[in-house]
Every structure is written in C-alpha cells, then in structure tokens.
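Now for the letters of each chain:
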Amino acid sequence: MAQAPAPEPRKATGSGRSGLPPLETDGPVVLRFAPGPSGPLHLGHSRAVALNSAYRGLHNGKLILRLEDTNPAAVDPVAYGLIAADMEWLGATPDETVVQSDRLEIYCGDARELLSRDAAYVCHCDAEKWRELKRHNTACPCRGGKPAAQLVAFEALLSGGDGIIVVKTDLEDRNPALRDFVAMRVVETPHPRQGDTWRLWPTYNFAVAVDDYRLGVTHVLRGKDHLNNTLRQQWVYRHLGWDEPRFIHYGLVSIPDALLKTTTIRGGIASSEYSGWDDPQLATLVALRRRGYQPQAIMDYWVTVGVKEVDITLSWQNLEAANRALVEPEARRLFWVPEPFELTLDAPQPLEKHAPFHPDRAEMGERRETVEPGATIVLPAADVAQLAEGDLLRLKNLCNCRLRDGRLEHAGDDPVKGVPIVQWCAAGAPLQLLRPNGSQTDGIVEPAAAEMEGEVVQFERVGFVRLERSQALFLHR
RNA sequence: GCUCCCGUGGUGUAGUCCGGCCCAUCAUCUCGGCCUUUCGAGCCGAAUACCCGGGUUCAAAUCCCGGCGGGAGCACCA
C-alpha cells in the first residue's frame, strides 16, 4: 500500500536551501494540485505546484493531479495535456492523475447520502429569490422536505427538469458566504469528455470535499482565497462524518507586469496580439520555458517564499537572480551587435579572434575567426555614438582600434587599461532579439550561433537569451 | 454593508506560539571598492525594516486593547 515515489534528487541550489517547515503529520502524506483545465499553467499556478511538490519530497508522500472539469462550459480539451506537460517540466510529475468528470457516480452517491441524512435538499426556487432568502437568514420552502421525497426529486433531476442540490449549513451564520451552498446544478452544455451522459454536475466546493476525502488527501495546501471554501467544505465533512485533512493556506500572490487570466490570454491569442500560449510577453510556464527559465529556479523561488498567510508581490528580480545562478555557469558567450553600425577595418595583416565560450571555464572551448584587413566590422550604434574622432576602443578578443575618418584603424593587439571594450561582428547573420515587453531589436550575431539553436546563451554586454532558429528571446540581464 | 485573513528594509524571508541571547537573520535589489579583454560571475564593504497609539512587564517585533492599512469571500465559476 505505502507507495513510495522515488523522491527526485533535489539539489540544494543557492537560495532555495532554507527549506520549508515540515508538515504536521501522523502518517503518510497525500497532497494534490487541482487546477481547472481551461489552459496551460502560468507562474501563479506554479506556487501551488512547487509547494505541494516540495512537501511530497520532504515527507516522501504522494502527489495527485486532479483536473477539475465539472463546468462543461469552461473546459478546454487540450488543457489536460498541457497541464500534465507543465508539471512534468517543473519536475513535479504527479504520482496519480484523476479527472473529476470521470467521477460523477461518486458525487451522485455522496449527494444521495447527504440527502438521506437530511443534510441537503433539492431546491426548485428561482436563483435570485433563493439568494435573497439566504441574505435574510431565511429558509426556502424546499429546505423543509423529507429526505425520502428529496431523494425522489434528486433522481428526477438526473434525467430532466430544473433544480439544484443544496448543502444545509447554518442559515444564522454571521458570515453570509457560509449560508447553505449549492452542491450540484444542471448544466446542459455537452462535456468535451463526457458528452451529454450527465446533466447534473457538482460544484467546486462539493466536488473538492468529496474528492479530497475519497482520494485520501491528508494536507490541502492552497491559496488564502479558499479560506471560505474551506469552511464550506468542512460542512460536508461534518455531515458525512468524515475525518478532515489538514488545511493550509498561503497568501495571495500578485505578479507585476503579467497577464495571467486564462480567458484574457485566450482572447489575445485569438486576436493575434499574442503568437500563442508561449508568446514571450506572457507569464505562462511555456512562455517562460521558451525564454530560457529553468524549472528549478521557479521551484526554488517558491520554496524561499514559503507558506505564510501574508499576501506577497512576486519579485521578478529575485526570480531572475535564482535563474541566473543556474544558467550563468553553463551559458556560452556570444557577440551580438544590436543596431549594427558598419565600419571598415584598416590593419597591416589578418587578425585572429580568440574568444572563450565561457570566461571562467576554458574547457568549454573558444570561437575562432580570422578577420582580413579591409573587412567590414559592425559595432553597436550606441557605442559608436559615444566615440569621438581619434578615440581608442577595444574590439573584444581581437585588437585595439582608433576611430579615424569613419574607419577603424588597428592600434595594437594588447589590452590597454581604461579603454572601452565592445563586442563586434565581421561575418555573422542577422538576428532579431525579442523582449518580453514586446519590443524587437535588429542585430547581427556571430557565426558560432548557427549551431546553437535552442541554447540559453549570454550575449556579452546584453544579457542572457535563448536562441531560436532566426531570433533570440531575451531572458534577463 | 457583512464575514474572514494578514501587516519585519525596495522585494521576499528568519524570529512572533514558549517576552530577554534581536541596537533584529538570510537572499535579492541599490550604492561604493577590488578583480575581470562583458555592463556576467566572483570577492570586500555600506545603506535601508519590526504599521500607528496606548497598556502589562525589570524587559515586547514577540502578550493585551484600540486604531490604521492591505487582501479575500459573500456565484446554479474554479
């Protein structure tokens, strides 16, 4: 029984070492991540994934992915696969995946149990009227029916008619959010996976309570926005005499400069404002991945943030720092010249470029290139603008030059202290850099880039980027 | 409006339950310096915080009361 998923070797990278406080527990730990399949995961989701996954590792527990697709109208069939892929990329592959729309018999069973215990009722009132009555701590006429009659009404609803199943709570509760809540309702829209086999669908709170219990979840780790939902779900536990899991709520995260709302992104893609879910302007996981974010950086970041109930603002700088620490030792260096300015090089003889792929790791090799006298050299226009006639500058890893009459005049090979050092290209290919703010910069990249598609590299003096076939995506400085 | 949660530097975090070892930890950011044929990395240093007001106490970031501030929920969404 005690399944022990191999805890992946979790390397304690830099910042993430502080670690999470262990969970209170008296046995095996079962956790779950439960998104609705409406699109791929984004940075906001990744906190829940990271925390649940970190605790799985810490307690050698089990992590369930539960797809919450009980609203047929809000399901994107491709999202099931996208979400699974995102979790895998994060290194948080679930031990088990369950889909709520496969479990309708279970919800119906527990609804019947609720009804027969007089803990729920079938309501045929007008929605607005029912809410209004609740607001005044008043029961609707349907609430008083006998369990036997309620059960009959429930069976009838399965095949036709209007109505909802309501969980009885305390109508006198001072918190208006906690007075009687809907457990199941009729949705005629066909479900992408189930077609029209079912018309009575559970709501979020009911399905979650049932599944957390029946799946043996021991710790429910989720955002603070679920505080009231927890209170509602606890009514189901009490009515049915179930032992409760431990509930842990972490604070809300606000992510600056990021569009996270799935429906808005979907709209932006439809209107071609974004090229797709992985558009570099987005904070979806696929987009961050495409730009060169390392999953471990994201996971580490959330672990250092922890599980407190305070609301936080995500710090891109801190996340970038975590990613830079991972990427910097591995990233090969390359010259990329933004807004290239052409100059002719005057030199007495051919010059040899010896540029290491990594300044601190000679074993990574170097890029070599011969530059003939009279060759056209491109420099960043911004750097040329800084230069006055006769000024000395160094073409990095090549030679010193002096700017004379709009040409570059060779001025020695050995580095001279205090001289500006600039990246340059002689041969090279056009390459556009895309930044997450949507801007694009034209430039020339050195020949070595040709065989480095897909790599995260550092453009010297520019920042880390990920190379694609004919463009580069800016990662961070 | 009602209900619930939270409030340590720019950002995040440790400490708050069990008051003293906290003139408050660590990371990141910022600013200097060193180093470096990148404005990357590395090394050294600096600056910046206990929301406010009372109270209890020899002693409060830590306990109590009252303000103020932020957030969430009050869906036949998840």
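All values derive from a computational prediction rather than experimental measurement.

For this particular structure, what's the right way to read the sheet that holds strand β17 (residues 376-380)?
Note: strands within a sheet are paired through backbone hydrogen bonds, in either parallel or antiparallel orientation. Spatial ordering of the open sheet is given by β17-β14-β20-β19-β18-β21, a layout of 6 strands whose pairing is mixed. In this open sheet, the two edge strands, each paired with only one partner strand, are β17 and β21 (421-422). Alignment of strand β18 (residues 392-395) against β21, held across 2 bridges, turns out to be parallel. Looking at β21, one finds that Arg 394 is bridged to Ile 421.

Just checking my understanding: could you explain the side chain of His 42 for this structure?
Tracing the backbone through its elements, the reader meets His 42 in the loop between β1 (30-33) and α1 (43-59). By relative accessible area, His 42 is classed as buried at 12%. If sequence neighbours within four positions are ignored, His 42 has contacts with Leu 260, Ala 283, Thr 284 and Leu 285.

Sorry if this is basic, but what is going on with the domain arrangement of chain A here?
Where interface size is given, it is often the accessible area lost as the parts come together that is meant. What the domain assignment lists for chain A is domain 1 (14-100 + 251-323), domain 2 (104-196) and domain 3 (332-476). For domain 2 versus domain 3, the distance between C-alpha centres works out to 69 Å.

Could you clarify how one ought to interpret helix α8 (residues 262-270) in this entry?
Think of an α-helix as turning once every 3.6 residues; residues three or four places apart then point the same way. Among the residues of α8, those classed as buried are Thr 262, Ile 265 and Gly 268. One side of α8 holds all its buried residues, which, seen down the axis, span an arc of 120 degrees. Facing away from the buried side of α8, by more than 90 degrees, are the exposed residues Thr 263 and Ala 270. At the C-terminal side of α8, Ser 272 shows a positive phi close to 65 degrees.

What is the right way to look at the packing of helix α10 (residues 295-305) against helix α11 (residues 316-327) in this model?
A pair of packed helices is captured by two measures, namely the crossing angle of their axes and the spacing between those axes. Their axes nearest at 9 Å, the elements α10 and α11 cross at an angle of 135 degrees. What the angle tells us is that α10 and α11 run oblique. Classified by chirality, the crossing of α11 by α10 is right-handed. On α11, the residues touching Gln 296, Ala 297, Ile 298 and Tyr 301 of α10 are Asn 318, Leu 319, Ala 322, Asn 323 and Leu 326.

Sorry, what's going on with the packing of aromatic side chains here?
Following the criterion strictly, the structure yields 7 aromatic pairs and no others. Aromatic pair Tyr 301 and Trp 302: ring centres 5.2 Å apart, planes at 70 degrees, arrangement edge-to-face. A relative accessible area of 7% places Tyr 301 in the buried class. Residue classification places Trp 302 among the buried residues on the basis of a relative accessible area of 0%. Linked through ring pairs, Tyr 213, Tyr 237, Trp 242 and Phe 247 together constitute an aromatic cluster. The positively charged end of Arg 193 is found above the aromatic ring belonging to Tyr 80, 5.2 Å away from the centroid. Against the face of Phe 357 rests Arg 332, its NZ or CZ located 4.7 Å from the ring centre.

Rules and cut-offs
- Residues numbered from 1 in each chain as written.
- Chains lettered and ligands numbered in written order.
- Predicted model: local features only at pLDDT ≥ 70, side-chain atom pairs only at ≥ 80, totals over all residues.
- Heavy atoms only, no water.
- Pairing = 2+ DSSP bridges.
- Helix = DSSP H or I, 4+ residues; strand = E, 2+ residues; numbered from the N terminus.
- Buried < 20%, exposed > 50% of the residue type's maximum accessible area, 1.4 Å probe, protein only.
- Contact = heavy atoms within 4.5 Å.
- Domains from an automatic or database assignment.
- Arc of directions from axis to C-beta.
- Axes fitted to C-alpha atoms, helices over the stretch in contact; angles between N-to-C directions.
- Parallel < 35°, antiparallel > 145°, perpendicular 65-115°, else oblique.
- Left-handed = near helix turned anticlockwise from the far one by under 90°.
- Phe/Tyr/Trp six-rings, centres within 6.5 Å; stacked < 30°, edge-to-face > 60°.
- Lys NZ or Arg CZ within 6 Å of the ring centre and 35° of its normal.

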